[in-house]
Amino acid sequence: MTAPDTSGQLAEQLLRLTRRLHRAQKRYLDPVGITPAQSRLLRTVAHYDHPPRMADLAQRLEVVPRAVTTLVDALEAGGSVRRVPDPSNRRVIRIELTDEGRRILRKLREARRAAVEDVLAPLSAEQRSRLGSLLDELMAGPGPAC
């Protein structure tokens, strides 16, 4: 009799939970009119102190620059971001949030909280705290950063 593959089972559970969370987020993001990838780009732009360059965004998001261009095009068409020239080098274009982008970010935060609440609803406050601690430990452990 072979021992159960607990690592494989845990990996499968984590993958299934991730897919479930993505589905819940998509359900809440649809009414906002934004895709998960656009949401990620908006959140990333908001984390910078100054408007980032497209190359900065591509590096931070770990995608090719063309993918960022496509996302920025869509968000710019919706009025969430705008391209602005770099004040010290006019050949460089930076991406900044608009007031509409900040409004959408607030809605996104609400949508994400609701989606996470859907997924975590079966857990008590103590269980959520333990889960958070375990996830922090896993994220701080050895291995490539995500």
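As shown above, the structure is provided for reference.
Notes on the structure follow. (Residues numbered from 1 in each chain as written. Predicted model: local features only at pLDDT ≥ 70, side-chain atom pairs only at ≥ 80, totals over all residues. Heavy atoms only, no water.)

## Focus: the overall build of the chain
Here is the rule we go by: Numbering of helices and strands starts at the N terminus; helices are DSSP runs of H or I of at least 4 residues and strands are runs of E of at least 2. Throughout, radius of gyration means the C-alpha value; the globule benchmark is 2.2 Å times the number of residues raised to the power 0.38. Partly exposed describes any residue whose relative accessible area lies between the buried limit of under 20% and the exposed limit of over 50%, with all areas from a 1.4 Å probe on protein chains only and scaled to the type maximum. Note on definitions: a residue-residue contact is assigned when non-hydrogen atoms from the two residues lie within 4.5 Å. Note on areas: Shrake-Rupley with a 1.4 Å probe; residue coverage comes only from the protein chains shown. Counted charges follow a simple rule, with Lys and Arg positive, Asp and Glu negative, and His plus the chain ends left uncounted. Lys charges are placed at NZ, Arg charges at CZ, Asp charges at CG and Glu charges at CD.
For the chain, the helix and strand inventory stands at six helices and two strands. For the chain, the α and β elements follow one another from N to C terminus as α-α-α-α-β-β-α-α. Computed over C-alpha atoms, the radius of gyration of the chain comes to 19 Å, more than 25% over the 15 Å expected from 2.2 N^0.38 for 146 residues, which places it beyond the range of a compact globule. Taken over the C-alpha atoms alone, the chain extends approximately 65 × 35 × 25 Å along its principal axes. Sorting the 146 residues of the chain into buried and exposed places 24% on the buried side. Sequence separation of at least 24 residues holds for 47% of the intrachain contacts in the chain that already meet a minimum separation of 6. As displayed, the chain offers around 10,500 Å² of accessible surface, 56% of which is attributable to carbon and sulfur atoms. When the 25 positive and 18 negative side-chain charges of the chain are each reduced to one mean point, those points stand 4 Å apart.

## As for the pattern of salt bridges
Formally: Salt bridges are counted wherever a side-chain nitrogen of Lys or Arg sits within 4 Å of a carboxyl oxygen of Asp or Glu.
The tally for this structure, following the rule as stated, stands at 11 salt bridges. Its salt-bridge partner being Glu12, residue Arg19 comes within 3.6 Å of it at the nearest N-O pair. Among the residues examined, Arg19 registers a relative accessible area of 41% and is labelled partly exposed. The class for Glu12 is partly exposed, based on a relative accessible area of 37%. Between Arg27 and Asp118 there is a salt bridge, with its nearest N and O atoms 3.3 Å apart. Taken together, the residues Arg27 in helix 1 (residues 6–29) and Asp118 in helix 5 (residues 99–120) connect sequence positions 91 residues apart. Taken together, the salt bridges that share partners define one network made up of Asp73, Glu76 and Arg83.

## Thoughts on the packing of helix 2 (residues 36–47) against helix 5
So the rule is basically this: Every axis in this analysis is a line fitted to C-alpha atoms, fitted for helices over the stretch in contact. Angles between the N-to-C directions lie between 0 and 180 degrees. Left-handed describes a crossing whose near helix is turned anticlockwise from the far helix by less than a right angle; the clockwise case is right-handed. Residue classes follow a fixed rule: Ala, Val, Leu, Ile, Met, Phe, Trp, Tyr, Cys and Pro count as nonpolar, while Asp, Glu, Lys and Arg count as charged, and any other residue, Gly among them, counts as polar.
Relative to each other, helix 2 and helix 5 sit at 115°, their axes nearing to 11 Å. Crossing of helix 2 against helix 5: the hand is left-handed. Contact with helix 2, carried on its side by Ser39, Leu42, Arg43 and Ala46, involves Ile104, Leu105, Leu108 and Arg112 of helix 5 and no other residues of that element. Taken together, the residues that form the contact of helix 2 with helix 5 break down as five nonpolar, one polar and two charged.

## What to know about the environment of Ala55
Residue placement: Ala55 occurs in helix 3 (residues 54–61). Given a relative accessible area of 41%, Ala55 falls into the partly exposed group. Between the C-alpha atom of Ala55 and that of Asp136, which follows or precedes it by 81 residues, the distance is 29 Å.

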